[in-house]
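Each chain, letter by letter, is given below.
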Amino acid sequence: MTKSSRALCAVFAGALALSLSGPAFSETIVRKTYSHFSIGGKTAADLDEQLSKHGPLTRNTGARHPGATEIKFGGELTYVEKNGMCSVGTAKVLLNTRILLPQWKNRRRTTAELAFIWDTLLADIKRHEERHAEIARTHARSLERQLTSLRPQKSCEALQAMVGKITQTVMDEHDRDQMRFDVVESKNFDARMTRLLKNRLEQGQARR
């Protein structure tokens, strides 16, 4: 599940920093961090209740989830004005992702069976949230490529309007891809967990 911010839309569409010359230059800066929230409980039912009560609250659904990825886009863009034409000088896209994961306080004091189930669930939550971060990174790089490939325009105002339109389009595509991913994952959750538990059990038996 994602929590998104689009700071770069206003930056790219509203800022107009002019330089006299220079080739187009682009850079995508990606920062990924991890945070944890603590949950208690001693049984599987307790864990469900704890995740529902203490999991991250997302604006998109208005509900709490077992994990979340906070996504913040930002950046800087400059324009080059030369020989009566305006082109993109630099386009720097900044992407910050913070992955929030549950940390079960009683993991070491539970039964081997419940610990096994929890570890499998936690690994799937982590994979799910890291995939959200990957989707955001893909769109950040797509935005960078599209901005630096823009053709020069007769005025920086016209180019600025194109930058704003492209930025908005990429951000809308990003949001749709994130939502589509969540829908697919939700539908496949039960089958996926059954498969993961079976695979981890078989791997554990093979090591003995």
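None of these values were measured; they are calculated from a predicted model.

Trainee: Explanation requested: the side chain of Gln 178 in the structure shown.
Mentor: Checked against the element boundaries, Gln 178 lands in helix α4 (residues 156–187). Among the polar contacts made by the side chain of Gln 178, one reaches the side chain of His 132 at a distance of 2.5 Å.

Trainee: Any chance you could explain helix α2 (residues 44–54) here in plain terms?
Mentor: Every α-helical turn comprises 3.6 residues, leaving residues that sit three or four positions apart pointing alike. Residues of α2 that are buried: Leu 47, Gln 50 and Leu 51. Projected onto a plane normal to the axis of α2, the buried residues spread over an arc of 95° and lie on a single side. Residues of α2 that are exposed and point over 90 degrees away from its buried face: Ala 45, Asp 48, Glu 49, Ser 52 and Lys 53.

Trainee: Help me understand the packing of helix α3 (residues 112–148) against α4 in this model?
Mentor: Two packed helices can be described by the angle between their axes and the distance between those axes. With their axes 10 Å apart at the nearest point, α3 and α4 run at an angle of 160° to one another. The pairing of α3 with α4 is recorded here as roughly antiparallel in orientation. Relative to α4, the crossing made by α3 is right-handed. Residues Arg 127, His 128, Arg 131, His 132, Ile 135, Ala 136, His 139, Leu 143, Gln 146 and Leu 147 of α3 form the contact with α4, whose own contacting residues are Val 163, Ile 166, Thr 167, Val 170, Glu 173, His 174, Asp 177, Gln 178, Phe 181, Asp 182 and Glu 185. Of the residues in the contact of α3 with α4, the class split is eight nonpolar, seven polar and six charged.

Cut-offs and rules
- Residues numbered from 1 in each chain as written.
- Predicted model: local features only at pLDDT ≥ 70, side-chain atom pairs only at ≥ 80, totals over all residues.
- Heavy atoms only, no water.
- Helix = DSSP H or I, 4+ residues; strand = E, 2+ residues; numbered from the N terminus.
- Polar contact = N/O pair within 3.5 Å; in protein donor to acceptor, adjacent residues only side chain to side chain.
- Buried < 20%, exposed > 50% of the residue type's maximum accessible area, 1.4 Å probe, protein only.
- Arc of directions from axis to C-beta.
- Axes fitted to C-alpha atoms, helices over the stretch in contact; angles between N-to-C directions.
- Parallel < 35°, antiparallel > 145°, perpendicular 65-115°, else oblique.
- Left-handed = near helix turned anticlockwise from the far one by under 90°.
- Contact = heavy atoms within 4.5 Å.
- Nonpolar A, V, L, I, M, F, W, Y, C, P; charged D, E, K, R; others polar.

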